[in-house]
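Each chain, written out:
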Amino acid sequence: MIRYGGDYNPEQWPRAVWAEDAKLMREAGVNLVTLGIFAWAQVEPAPGEYDFGWFDDVMNLLHDHDVDVCLATMTASPPPWLGHRHPDSLPVAADGQRLSYGSRCHLCPSSPAYREASLGLVTRLAERYGAHPALHSWHIGNEWGCQVPACYCDLCAAAFRRWLSDRHGDLDGLNEAWTTTFWSQRYSSWEEILPPRRTTGIPNPAHTLDFAEFSSDALLACYRAETEVVRRAAPEIPVTTNLCNVMPNTDLPAWAAEMDVVSGDCYPNPGSPDGHLESALYFDVWRGLKDGQPWWLLEQAPSAVNWMGTNPAKQPGRMRRDSLQAVARGADTVMFFQWRASRGGAEKFHSGMVPHAGPDHPLHRSIRELGRELAELGDVAGTRVQADTAIVLDWRNWWALEQESHPSDQIRMMGRLRDHYDPLWKLGITTDVVRPTTDLSKYRLVVVPNLYLISGEAARNLASYVDSGGHLVVSFFSGIVDERDQIWMGGYPAPLRDLLGLTVLEFDPLLPGASTATSLGEATLWSEHIQLEGATAMETFANGEPAVTRHAFGKGAAWYLATRPAPDAMTGLMGRIAREAGATPAVPGLPEGVEAVVRVGDDVRHVFLINHTDQAFDEVPARGVTVRTERP
Ligand code: GLA
Ligand code: ZN
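Definitions and limits used
The residue numbers shown here count from 1 along each chain, following its written sequence. As a convention, the first chain written is A and the first ligand written is 1, with the rest following in written order. Where totals are concerned, whole chains, interfaces and linings use all residues; where local detail is concerned, this predicted model gives features only for residues with pLDDT of at least 70, and gives and counts side-chain atom pairs only at 80 or more. The side-chain quantities take in all heavy atoms of the structure and omit both hydrogens and water. Coordinating donors are taken to be N, O and S atoms lying within 2.8 Å of the metal, or within 3.2 Å when the metal is Na, K or Ca; because water is excluded from the atom set, some sites may appear incomplete. Key to geometry: four donors with every angle between 85 and 135 degrees are tetrahedral; four donors are square planar and six octahedral where opposite donors lie over 155 degrees apart and all remaining angles lie between 65 and 115; all other sites are irregular. Going along the chain from the N terminus, every DSSP run of H or I of four or more residues is numbered as a helix, and every run of E of two or more is numbered as a strand. Burial here depends on accessible area, computed with a 1.4 Å probe over protein chains only, as a share of the maximum for the residue type. Under 20% is buried, over 50% is exposed, and the range in between is partly exposed. If DSSP finds at least two bridges between two strands, the strands pair. Contacts are assigned to residue pairs that have any heavy atoms within 4.5 Å of one another. We define proximity as follows: a residue is near a molecule or strand when any one of its heavy atoms falls within 4 Å of that partner. Whenever a nitrogen or oxygen atom comes within 3.5 Å of another N or O atom, the pair is scored as a polar contact, on the condition that within protein one atom can donate a hydrogen and the other can accept it, and that pairs from neighbouring residues in sequence are kept only if both atoms are in side chains. Here the accessible surface of atoms and residues is derived via Shrake-Rupley with a 1.4 Å probe, and residues count as covered only by protein chains that are part of the display. For cavity detection a 1 Å grid was placed over the protein atoms alone, and a set of points counts as a cavity when a 1.4 Å probe fits there but cannot get out; an open set counts as a pocket when protein lies on both sides within 12 Å along at least five of seven lines, with lining residues being those that have an atom within 4 Å of a point. Pocket or cavity membership: a molecule qualifies when more than half of its atoms sit within 2 Å of the grid points of that site. We call Asp, Glu, Lys and Arg charged. Ala, Val, Leu, Ile, Met, Phe, Trp, Tyr, Cys and Pro are nonpolar, and the rest, Gly among them, are polar. Fitted lines through C-alpha atoms give the axes, limited to the stretch in contact for helices. The angle between two N-to-C directions lies from 0 to 180 degrees. To estimate the expected span of a helix, count its residues, drop one, and scale the result by 1.5 Å. Here the limits of each domain have been adopted from an automatic or database domain assignment. Grid points are joined across faces, edges and corners, and a volume is the space filled by probe spheres set on the points. Grouping buried Ala, Val, Leu, Ile, Met, Phe, Trp, Tyr and Cys residues that are joined through side-chain atoms within 4.5 Å yields what is termed a nonpolar core.

Student: So what about the coordination of the zinc ion (ligand 2)? Which residues, and what values?
Tutor: Donor atoms from the polypeptide that coordinate the zinc ion (ligand 2) comprise Cys108 (SG), Cys151 (SG), Cys153 (SG) and Cys156 (SG), at 2.2 to 2.4 Å from the metal. Geometry at the zinc ion (ligand 2) is tetrahedral, judged from its four donor atoms and the angles of 101 to 119 degrees they form at the metal. Read in sequence order, the donor residues coordinating the zinc ion (ligand 2) give the pattern C-x42-C-x1-C-x2-C. With Cys108 in the loop between α4 (80-85) and α5 (112-129) and Cys153 in the loop between β4 (135-139) and α6 (154-168), the pair connects residues that are 45 residues apart, well separated along the chain. The exposure classification of Cys108 matches that of Cys153, with both residues buried.

Student: Lay out the sheet that holds strand β16 (residues 515-518) in plain terms, naming residues and giving numbers.
Tutor: Strand order in this open sheet of three strands is β16-β17-β22, and the pairing throughout is antiparallel. The strands lining the two open edges of the sheet, one partner per strand, are β16 and β22 (564-565).

Student: Provide a residue-level description of the environment of Val43, including the pertinent values.
Tutor: Inspection of the secondary structure puts Val43 in helix α2 (residues 40-43). Val43 sits in the buried class, given a relative accessible area of 0%. Spatially, the C-alpha atoms of Val43 and Thr199 are 42 Å apart, while their sequence positions differ by 156 residues. Look past the residues within four positions of Val43 in its chain and what remains in contact with it is Glu49, Tyr50, Asp51, Phe52, Trp54, Phe55, Met74 and Leu121.

Student: Mind laying out the site of ligand 1, listing which residues take part and the relevant values?
Tutor: Ligand 1 sits among Phe38, Arg104, Asn142, Glu143, Asn242, Asp265, Tyr267, Glu299, Trp307, Phe337, Glu347 and His350. Asn142 has a polar side-chain atom sitting 2.9 Å from an oxygen atom of ligand 1. Interatomic distance of 2.7 Å between a side-chain N/O atom of His350 and an oxygen atom of ligand 1. Taking 310 Å² as the accessible area of ligand 1 by itself, protein coverage stands at 97%. Using a 2 Å cut-off from the grid points, one finds that ligand 1 occupies the largest pocket. A per-class count over the shell around ligand 1 returns four nonpolar, three polar and five charged.

Student: So what's going on with the sheet that holds strand β10 (residues 384-385)? Residues and values would help.
Tutor: As summarised here, the arrangement of the four strands in space is β10-β23-β24-β25, forming an open sheet in which the pairing is antiparallel. Where the open sheet ends on each side, the last strands, each with one partner, are β10 and β25 (625-630). For strand β24 (residues 604-611) and β25, the ladder comprises six bridges, and the chain directions are antiparallel. When the bridges of β25 are listed, Leu609 appears paired with Thr626. Most of the contacts of helix α11 (residues 318-328) go to β24, to which it runs at about 145 degrees, and overall it touches β10, β23 (594-601), β24 and β25.

Student: Before we move on, could you go through α5 and cite the residues and values that matter?
Tutor: The end-to-end C-alpha distance of α5, which contains 18 residues, comes to 25 Å, matching closely the 26 Å that a straight helix rising 1.5 Å per residue would cover. Considering only its buried residues, α5 is in contact with α2, α3 (53-64), β3 (68-72), α4, β4 and α8 (205-233). At the N-terminal boundary of α5, the capping side chain belongs to Ser111, with an oxygen 3.3 Å from the backbone nitrogen of Ala113.

Student: Any chance you could break down the domain arrangement of the protein chain for me, citing the residues and the numbers?
Tutor: We note that the domain assignment places domain 1 (389-581) and domain 2 (594-630) within the protein chain. On a C-alpha basis, the centres of domain 1 and domain 2 stand 32 Å from each other.

Student: So what about the layout of surface pockets? Which residues, and what values?
Tutor: Taken as a whole, the largest pocket encloses approximately 1000 Å³ of empty space. In terms of lining, the largest pocket is formed by 36 residues, of which the most central are Phe38, Ser103, Arg104, Ala346 and Glu347. Sort the elements by how many residues they give to the lining of the largest pocket and α2 lands first, with three residues. Among the residues making up the lining of the largest pocket, the classes are represented as 13 nonpolar, 16 polar and seven charged. Estimates place the volume of the second largest pocket at around 850 Å³. The wall of the second largest pocket is formed by 32 residues, among which Tyr152, Pro196, Pro203, Thr208 and Phe211 lie closest to the centre. The element contributing the most residues to the lining of the second largest pocket is α8, with six residues. For the lining of the second largest pocket, the class distribution of residues is 17 nonpolar, 11 polar and four charged.

Student: Residue-level account of empty space enclosed by the protein, with values.
Tutor: Within the structure shown, the criterion is met by five cavities of 30 Å³ or more. In this structure, the largest cavity occupies an estimated 110 Å³ of space. What lines the largest cavity is Ala76, Cys105, Leu107, Gly141, Asn142, Glu143, Trp144, Gly145, Cys146, Gln147, Val148 and Leu219. Tallied by class, the residues present in the lining of the largest cavity amount to seven nonpolar, four polar and one charged. If you go around the second largest cavity, you meet 13 residues; those closest to its centre are Trp144, Leu243, Cys244, Thr250 and Leu252. Of all elements in the fold, only β6 (242-244) and α9 (252-256) reach the threshold of two or more residues within the lining of the second largest cavity. Ranked by residues supplied to the lining of the second largest cavity, first place goes to β6 with three residues. In terms of residue class, the lining of the second largest cavity is made up of seven nonpolar, five polar and one charged.

Student: Tell me what's going on with the side chain of Lys314, and back it up with residues and numbers.
Tutor: Position of Lys314 among the secondary structure elements: in the loop between β8 (295-299) and α11. Among the residues examined, Lys314 registers a relative accessible area of 10% and is labelled buried. Engagement of the side chain of Lys314 in a polar contact is seen with the backbone oxygen of Ala301, the distance being 2.8 Å. A polar atom in the side chain of Lys314 sits 3.0 Å from the side chain of Asp322.

Student: Go over the nonpolar core with me, naming the residues and quoting the values.
Tutor: Counting residues in each nonpolar core, the largest one holds 159 residues, and the members touching the most others are Trp138 and Trp286. Two domains share this core, each providing at least three of its residues, namely domain 1 (389-581) and domain 2 (594-630). Counting residues in each nonpolar core, the second largest holds 21 residues, with Ala159, Leu171, Phe214 and Ala218 among its members.

Spelled out as structure tokens, the structure:
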């Protein structure tokens, strides 16, 4: 069964509306809602005074209508009474300013007051609903770290010191790891160490890097504490939390390890011509977090959102296409934010499955149609996406790559990922997104965009993959520093030099807007001076120096890109490398813009064909989707 539904926020509506909601949900094929995400202040109107009666009624009503509940722990937006009584439960920004309540996500992860109040509530929720027949899963918090990824308060300073002492052992270890000999930054006692608060100039990059990881871990500790409570009360019920698309704020692999099932929220800009590529990438990232296990799309917008500045509506058919694209790429659950569009509040202009006009509206009719269609696709659930190509993403690298004081401030992880991901998508090649230390042996082609920070273990993993016959593509400014953000000495990129068969003598990044001529056409962003040590120059800069190289290594080949070719040239180059590697499109022969993904189960293949163009193609209408089920 594919689960279908959305965020349900009955606390925003009088009881009479609840009855209509339940009836409409059943008619629309809704079989799951995420419930109570922002209901803390309604179930605990004053500290320790609980009012669960109304919530019981909602749970029972939903159950009577065969709608299951992914029950939120309600901890993402503490009621005003918490911040009022305990200002230290509120987060502090890098400039020392404490943020007020009045929006949401106003929490300090190291605050005992927040921890105590949130776990008090979660304990009661778990006791009360852990055995409720409507309970399907737990939704811990909401989009952790999305709005406030880090807190710089004194409580977090103390927690950061504890984290650092676990990581570095003693102060000498920390001073060494952070290169505090530079600019007289040596610490002589733990008390001197602070979060990287606003300072005079460029902060110590190793300090900032450790703080990014600490901040993700601090939020994860809150998630874990809640998870332990609900698991104790209801060990059989799966636990998840909705990841906020793909961001540097939280270390997704570390989080996924503590989730029973990965779920995420995806909001492509309907006005952007390549929003569907962004979504495809997020879906592939989430699927990779648990090694291909099906995941849940917990939120998307039925049509417009309210937070983009200008918020275009989704064109007819777009909502269905987005939803089936998620299923194609491994989702077993398709959900929206939110069931009923709000009457007031900050999100009243965010589309809902039931719009302000009520159910007699084209948008709600398309919601019902999608419900019917997903019900027919039930046996897709549990099948696995087929991919023979992988792309590497690592969060510590992401944090390190985007630090200040680098050769170029234009090298941003998401953009660079897309520079590599989009050509593969255009070639119709399905990609998994993996970590640098993942066993790569099942892939024909592995692409490594800008892995600036690399561990020795990761470098060895890439080399052994190629040695045993793999094909690897590594782009510039990779293999430069170790996990502490210290240069791998002995010529760039030292840990990859043997594998790539070259040394980079000097970086020579291009100014914003500038380009450089290469045999692949104009390239942007970066150039460098390479000395070949076994690799062959496949493409060159205008001065004849290597721009793209290939090195036969063991039974495989390692390619290196010393610049950023224009998108078409990049697609051509990736196509050439993919052919050599034997990486193939999911369905060969499709025109660009028709996305094909295959999900495979026991004796069944589901072929998803998603047409993002205005041209009809064979069995796929313009802007349409066809799902072909094959039973050999
Ligand atoms: C996020 C949140 C939701 C809602 C939507 C609006 O995904 O989790 O509560 O605010 O954005 O797009
Ligand atoms: Zn704090």
